[in-house]
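Chains, contacts and geometry: an overview
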Amino acid sequence: MTGADVPGLPAPGRCLVMGVVNVTPDSFSDGGAWFDADKAIRHGFDLVAEGADIIDVGGESTRPGAQRVSLEEELRRVVPVIEALAEAGVPVSVDTMRAEVAEAAVVAGARLVNDVSGGLADPDMPRAVAAAGVPYVVMHWRGHSHDMQTRAVYADVVREVREELLRRVEAILAWGVDPSMIVLDPGLGFAKSPEAGHNWSLIAHLDALNGTGYPVLVGASRKRFLGRLLAGPDGTPRAFTDCDDATVAITALAAAAGAWCVRVHRVRPNADAVRVAAAVRAAAEGHPGPGGPSSHERSEAGGSSGAGAASRRGGSAGR
């Protein structure tokens, strides 16, 4: 589903890059850095300049153990940021579990609702999304941050995540949401155990979600399972911000596997990674990449050296 055309969103023919703007004091990787609205707006524009296709604005931390903020506080945090970015023509997503925030964000200019609960945290969300007519990210979720890790129990994580997501989609479609507006997210890090390898299994089997026919969003950036993988000799997990290179590796793998979009904190290297993956996919499919004809096509044309090549250029080999 790479480059799938989701209505109202960019469709460049490759995996999209969603840049994260956390307007929160307590997000797990950059809490407080963009809590001020003006700083958050500037950061959003910086991410666009680095190659972000969509900016995801969130006002409530979903880190493990996080407590919820009030509706009023979440609105105060996100609406001014969304308005400023959207007025400048930036495609904006709102990261929220509340229908009222989603509705206000769409009025402010958001083009996508990114709901980590898949409509489970607020039963009114499917109605709101259907009425707004905007794309909706349905993430796999089993509970709020304060207790989600106790629910990370699976016999077959890939099968169960797929089945649970499709059940959520069925319930959401019953509210009148257009199927073309649905995006799936396996929910890496949410009710997934690093020790049990749940996240790695989902990454290794993205085809199980791609096979549903819905575009897939992958959010691995700076997640705890990366820090655990990269732990030092004494077992201390690597710091969140030191997991950016590993995030780029996941981005390349996800894009090559057909992900529609990746959600990341550092945009430029991930924007490079999706373009590399797109070039490799194009070459594998026999299409010319951004650097010119594929090697297969050059071979079909009779090689690329010597007099034959010079003749095709209209010149001479000794020029």
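In this text the structure is predicted, and so the values were computed from the model without any measurement. (Residues numbered from 1 in each chain as written. Predicted model: local features only at pLDDT ≥ 70, side-chain atom pairs only at ≥ 80, totals over all residues. Heavy atoms only, no water.)

1. Let's talk about helix 4 (residues 125-132)
Using the following cut-off: Type-normalised accessible area, obtained with a 1.4 Å probe on protein chains alone, sets the label of each residue: buried when under 20%, exposed when over 50%, and partly exposed for intermediate values. Here a strand is any run of E in DSSP of at least two residues, a helix any run of H or I of at least four, and the numbering for each starts at the N terminus. As used here, the arc is the angular range of directions from the helix axis to the C-beta atoms. Contacts: residue pairs with any heavy atoms within 4.5 Å of one another.
Within helix 4, burial applies to M125, P126, A128 and V129. The buried residues of helix 4 occupy an angular sector of 160° when projected down its axis, which confines them to one face. Each element contacted by the buried residues of helix 4 is listed here: helix 3 (99-108), strand 4 (112-115), strand 5 (136-139) and helix 5 (157-173). Within two residues after helix 4, G133 carries a phi angle of roughly 70°, on the positive side.

2. Notes on the pattern of salt bridges
Stated precisely, the cut-off is as follows: We count a salt bridge whenever a side-chain nitrogen from Lys or Arg sits within 4 Å of a carboxyl oxygen from Asp or Glu.
By the definition in use, this model includes 16 salt bridges. Note that D56 is salt-bridged to R263, the shortest N-O span being 2.8 Å. Here the residue D56 occupies a position in strand 2 (residues 54-58), and R263 occupies one in strand 8 (residues 261-264), the gap between them amounting to 207 residues. Here R263 falls in the buried class, since its relative accessible area comes to 17%. Between R159 and E160 there is a salt bridge, and its shortest N-O distance comes to 3.9 Å. Connected through salt bridges with shared partners, the residues R142, R159, E160, E163 and E164 form a single ionic network.

3. Considering the packing of helix 9 (residues 244-256) against helix 10 (residues 268-284)
Relative placement of two packed helices is described by the angle separating their axes and the distance separating the axes. Rule in force here: Axis definition: a line fitted to C-alpha atoms, over the contacting stretch in the case of helices. Angles run 0 to 180 degrees between N-to-C directions. The labels follow the angle: roughly parallel below 35 degrees, roughly antiparallel above 145, roughly perpendicular from 65 to 115, and oblique for the rest. Helix crossings are classified by the rotation of the near helix relative to the far one: an anticlockwise turn of less than a right angle makes the crossing left-handed, while a clockwise turn makes it right-handed. Here the nonpolar group is Ala, Val, Leu, Ile, Met, Phe, Trp, Tyr, Cys and Pro; Asp, Glu, Lys and Arg are the charged ones; every other residue, Gly included, is treated as polar.
At a minimum axis separation of 8 Å, helix 9 and helix 10 run at an interaxial angle of 30°. Of the possible angle classes, the one that applies to helix 9 and helix 10 is roughly parallel. Here the hand of the crossing between helix 9 and helix 10 comes out right-handed. Judged by residue contacts, T247, V248, T251, A252, A255 and A256 of helix 9 engage P269, N270, A273, V274, A277 and R281 from helix 10. Partitioning the contact of helix 9 with helix 10 into residue classes produces eight nonpolar, three polar and one charged.

4. Here we look at the pairing of strand 2
Put simply, the rule reads: Two strands are counted as paired when DSSP detects at least two bridges linking them.
The buried fraction of strand 2 is high, at five of five residues. With burial as the criterion, each face of strand 2 is covered, one bearing I54, D56 and G58 and the other bearing I55 and V57. The pairing of strand 2 with strand 3 (residues 92-95) spans four bridges and is classified as parallel. Considered in strand 3, the bridge of D56 is made with S93.

5. Focus: the packing of helix 1 (residues 37-49) against helix 2 (residues 71-87)
Axis separation between helix 1 and helix 2 bottoms out at 9 Å; the angle between their running directions is 35°. Seen along the crossing, helix 1 lies across helix 2 with a hand that is right-handed. On the side of helix 1, the interface is formed by A37, A40, I41, G44 and F45, while helix 2 contributes P80, V81, A84 and L85. For the contact of helix 1 with helix 2, the class distribution of residues is eight nonpolar, one polar and no charged.

6. A look at the state of the cysteines
Operational definition: Disulfides are defined in this document as cysteine sulfur pairs within 2.5 Å.
Counted according to the given criterion, the structure contains zero disulfides. C15 forms no disulfide, and the closest cysteine sulfur to it belongs to C261, at a distance of 6.0 Å. What makes C15 buried here is its relative accessible area of 1%.

7. Some remarks on the environment of V106
Position of V106 among the secondary structure elements: in helix 3. Judged by its relative accessible area of 21%, V106 falls in the partly exposed class. Separated by 23 residues in the primary sequence, V106 and E83 have C-alpha atoms spaced 9.5 Å apart. The residues touching V106, leaving out its near neighbours within four places in the chain, are V113, A132 and V134.

8. Points about the packing of aromatic side chains
The test is simple: Classification of ring pairs rests on two measures: the distance between centres of Phe, Tyr or Trp rings, Trp counted by its six-membered ring, which must be within 6.5 Å, and the angle between planes, read as stacked under 30 degrees, edge-to-face over 60 and tilted in between.
Summed over the entire model, instances satisfying the criterion amount to one aromatic pair. Centroid distance W200 to F225: 5.0 Å. Interplanar angle 85°. Geometry classified as edge-to-face. Here W200, found in helix 6 (residues 198-204), pairs with F225, found in helix 8 (residues 224-229); they are 25 residues apart in sequence, far enough to count as distant. Overall, the relative accessible area of 32% leaves W200 in the partly exposed class. The class of F225 is buried, set by a relative accessible area of 3%.

9. Notes on the confidence of the model for the protein
Selection criterion: As a per-residue measure, pLDDT tells how confident the predictor is, with possible values from 0 to 100.
On average, the protein scores 88 in pLDDT, and the residues at 70 or more come to 85%. Residue range residues 294-319 is modelled with pLDDT below 50. Its contacts to residues more than four positions away, or to other chains, number 17 contacts.

10. As for the sheet that holds strand 2
One open sheet accounts for eight strands, arranged 6-5-4-3-2-1-8-7; its pairing is parallel. Among the strands making up the open sheet, the edge pair consists of strand 6 (182-185) and strand 7 (217-218). Sheet topology note: the strand 4/strand 5 ladder contains three bridges and is parallel. Opposite D115, over in strand 5, you have V138 as the bridge partner. Across the sheet, helix 2 touches strand 2 and strand 3, and the angle it forms with strand 2 is around 160°.

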